[in-house]
Amino acid sequence: MPVFCWVCLLLFFLAPSVRGQELLDLVGLFGRQMVGNEGARLKQHIDSIDFQFAMTVSENAGFFDVQNKGEYKAGFLADFKTAGQKSLIEIARDSLEFGLGQYGIRRYKKAEESFQRAKRLLEQANATDHIVYLRIVSSLGLAYLVQGRWLEAEKNIAWSVEKSKNTLGKQSAAYIANLNNQAKLHQALGKYNEAEQEFEEAIKLSESLFGGSMQTAIVTNNAAMLAGVLGRNELAIGKMNEAINYSIKGQKKIIEGQSFDNRRFRLNLGTLLLAQGKLTEAENIFLLIKKEADNRGQTKSQEYGTLLNLMGVLYLQMGNNEKVEEYLLKSLDVYRKRFTDVNYLSAKVLNDLGNFYRLRGRFEDAERRLSASLAMRQSIYEPTHPDFVKTQEDLAILYWRTGRIEKAYPLYKEVMDKTMVFIREYFGPMSEAEKSKYWATTESRFQRFFNFALDAKSQLPILTNDFYEYHLATKSILLNATSKIRKHILTGNDNSLKEDYLAWLDLKEQLMEAYTYSKIKQKAQNIDREELEQRANKMERTLSSRSTSFANEYDAGRTTTKQISTLLGEHEAVVDIVRVTTFHQSFTDESRYVVFVLKQNEDTPHLVVLDRGKELESRSVKFYRNAVKITDTLSYRSFWASIEPEVAAKKKIYVSLDGVYNQINLNTLQKTKKEYLISKYDFVLLGNAKDLLGIKTSPINSGSTEATLVGFPNYGSGFEPLPGTEVELEAISKILKAKNVAVSTYIRSEASENRIKLLNNPAILHVASHGYFFPDTEMNTGTTFGIQNQNANQNPLLRSGLVLSGATAQANTANIAATDDGFLTAYEVVNLNLEKTGLVILSACETALGDVRFGEGVYGLQRAFSLAGAKAIIMSLWKVDDAATQQLMTNFYTNWVSGGDILGSFKKAQLQLKEKFPAPYYWGAFVVTGI
């Protein structure tokens, strides 16, 4: 053994400078065989750790070479064996290595042939349990993956994952590499849930096994790019920077200070910045990478083609049209020279070119390119794949914009139906934050279709129904999904699920405390806010995936126009308002308000279109809010006059609001100097018109036997006391007790944040105090009511809330307890247990305000109490008069306990107050939702 080791050592010192034949002469036949055996032994060790990782480069899967450092030594020694001395396994390994070499230079067909030859040799030798066979099948799956041959890739990768898990275990390079490859495949197939879970597992295992290595960099990079696809831009950029750091630590080869492979990570970072609209930052990255590639003559690779494609898209967004076509055509040329004529990379460039030509009015060129892309993607992808569906939509838009409605409609209808299927399959298991970011990337498709429907409805009347039913399916989609999942957990029999839900609530409390800390204090307290957010989202995602309520709702079928109209009485109607952003060749800053009016037993809703959306959202609403103390017939003409003819003969109007209509109270619109709409109609506000199905079958009870009253808090400095709230609560308590309602009243120091947090499903919750909402434009540096403004800017639920005992206007997080600082934010309200609460009354200023999200309502206290489970909510749109509010609430409870329903009792109370205070400012601030 010592003699053999000296031979090996001699070879390594001589190898770089001595020719192969001279070495053979030095060691002789015996030495050559011994050296070859040592090489085979080293090779066998490397077989267990050397697996290829699929890497995302922009939108594409690419090969990444992470060979073990001993590979050169092993290969060098193994080559000393003659062909006749090698076993079938060693010959197969040689074929595998040759294939990997071909793969590395993007000769995929040659690589595939070598892999197949190696596979046949081992099958001939009955050695399918050998580690080399696993490497071959794994590499073959990757070869299919990078070529977009999904079915073949799936078969080989799935086998490799299972085999590596069962033979080598999860703590192995083989399992991690194959799991990563499977995740990349699932992403390519649009199976985002599976891909996300697999990437997370692969990252965790890779960090444990490899540490800060290139392997970990690759998997982290892939997870980052998937997050980008899902619209989670901040998370994506954070992960990509992690990947870049890993790649710097683990890079295998250095060229002028940067590895070639590191450029791929930087390219992806530029891609994410491009998606986030940070165009200059993205351009700087792309130009630097292009300069490096040009200087090194690396202009024929897949990555260079991707770079050119991205630069074409970038310059399209920057309006530099001269460069767009140049870069896209060059990218297409690179791909065609590297691959066959049909490949998914070329398909993407053709799609981008088609859209560019459409925007430039070159419609024939656009159709030629988009049609080619569609045919190519049809041969590569399943019919539901997001990329294929995108090209279908782009072609449908071209047909629409060139007046070929008959060709556009069937294609567009197919696109929308596939999108609904995709939402059903993917949307459920996400956290609410993740749902919100994903929906932001998907909503624009519905907005484009709504524009198409408006333009083409005269030619195809069926489009009115299509528009309305897609709207019903997606209006308040985020609110409905989260509410249903919560209800499923809390009302179900799965105690384990409930325990996990409570653990998630505890984590949210920790996160709330982190929001009150500055970055300096977070660091001093060893608090990682971003890590807490990620943990909370992950826990919520797990909870959601275990709740089937959202998927079941869609499996039951889409709500139809006819289903709603058959529920309406003779004197009832639905008024459903939809804000539509105007789209021509692209979106503009204009908007329209589309009003659907549905009456009893109608098959198709009536349509009213208000074209002055931008004016309604600026001058009109500002005038309305300033005119609530005076005679104002102008606001009626702006917001209701066009709708009036459709509902003139009706009395009860179910209204689903959108956009600017969330900022007004329809009851206060003044048709003439003496007539307000409150006297003409009974308005019922719904989050979504399809909620009528539940309201008609399960109305909220008209009375209650339990009530919790909270108000007249002991404020700290900076808040005016509200003595009227104490009188209000005393009067309400007497009214309820007289009807044998059990009343719990908390005032002064007991009117605290913690007191409300401890509530457990009171039938009625009445809070009389100050409320607040801060638009993000008012938030700057520092803190507001204890919350760091940089955190509050990102989350409107941190900018609205109720002011309770102990609150001070100059709240300083250094001397307050975040769990009871006197400010109950909407973020904290979401965690309250109100699943069995029939009515919440927020007798405070501006409790109905928040960030208006088109199609989703108001992000503030209204949304928070709905998510907490409250069925009906009464809240205010503007600062209210203390004495008038006290009288309004007293009137309401008196009417309600006398046997009226909530809505009728509150309307009667408003009319009673109107007798004393005619101006809407006094009686019209409050609205009722959820009934």
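Basis of the calculations
- Residues numbered from 1 in each chain as written.
- Predicted model: local features only at pLDDT ≥ 70, side-chain atom pairs only at ≥ 80, totals over all residues.
- Heavy atoms only, no water.
- Helix = DSSP H or I, 4+ residues; strand = E, 2+ residues; numbered from the N terminus.
- Buried < 20%, exposed > 50% of the residue type's maximum accessible area, 1.4 Å probe, protein only.
- Contact = heavy atoms within 4.5 Å.
- Areas by Shrake-Rupley, 256 points an atom, 1.4 Å probe, with all protein chains shown as cover.
- Pairing = 2+ DSSP bridges.
- Axes fitted to C-alpha atoms, helices over the stretch in contact; angles between N-to-C directions.
- Parallel < 35°, antiparallel > 145°, perpendicular 65-115°, else oblique.
- Left-handed = near helix turned anticlockwise from the far one by under 90°.
- Nonpolar A, V, L, I, M, F, W, Y, C, P; charged D, E, K, R; others polar.

Peer 1: Looking at this structure, I do not really get the overall build of the protein. What am I missing?
Peer 2: The helix and strand tally for the protein stands at 39 helices and 20 strands. In the protein, buried positions account for 58% of the 931 residues. In the protein, of all internal contacts separated by at least 6 residues, the share reaching a separation of at least 24 is 72%. When the accessible surface of the protein is summed, it comes to about 37,500 Å², and 51% of that surface belongs to carbon and sulfur atoms.

Peer 1: Hey, could you run me through the side chain of Lys-119 in this one?
Peer 2: Considering the arrangement of structural elements, one finds Lys-119 in helix 5 (residues 108-124). Among residues more than four places away in sequence, those in contact with Lys-119 are Tyr-133, Ile-136, Val-137 and Leu-140.

Peer 1: Whenever I open this one, the sheet that holds strand 14 (residues 800-803) confuses me. Can you help?
Peer 2: The strands making up a sheet are joined through hydrogen bonds of the backbone, oriented either antiparallel or parallel. Strand order in this open sheet of 3 strands is 11-14-15, and the pairing throughout is antiparallel. Edge positions in the sheet fall to strand 11 (770-773) and strand 15 (823-825), since each of these pairs with one other strand and no more. On average, each strand axis in the sheet is inclined to that of its neighbour by 25 degrees, with strand direction left out of account.

Peer 1: Whenever I open this one, the packing of helix 18 (residues 386-401) against helix 20 (residues 432-456) confuses me. Can you help?
Peer 2: Between two packed helices, what matters for the description is the angle formed by their axes and the separation of those axes. Axis separation between helix 18 and helix 20 bottoms out at 11 Å; the angle between their running directions is 25 degrees. The orientation of helix 18 relative to helix 20 falls into the category roughly parallel. The two elements helix 18 and helix 20 cross, and the hand of that crossing is left-handed. Contacts from Val-389, Lys-390, Glu-393, Ile-397, Trp-400 and Arg-401 of helix 18 reach helix 20 at Arg-445, Arg-448, Asn-451, Phe-452 and Asp-455. A breakdown of the residues in the contact of helix 18 with helix 20 according to their chemical character gives 4 nonpolar, 1 polar and 6 charged.

Peer 1: I tried to follow unusual backbone geometry on my own but got confused; where do I start?
Peer 2: It is generally the case that most residues other than glycine have a negative phi and that most peptide bonds are trans. One non-glycine residue, Asn-761, lies in the positive phi region at around 55 degrees. Position of Asn-761 relative to the elements: it lies in the loop between helix 33 (753-757) and strand 10 (764-768). Located in the positive-phi region is Glu-846, a residue other than glycine, with phi close to 55 degrees. Mapped onto the fold, Glu-846 is located in the loop between strand 16 (839-843) and strand 17 (850-853).

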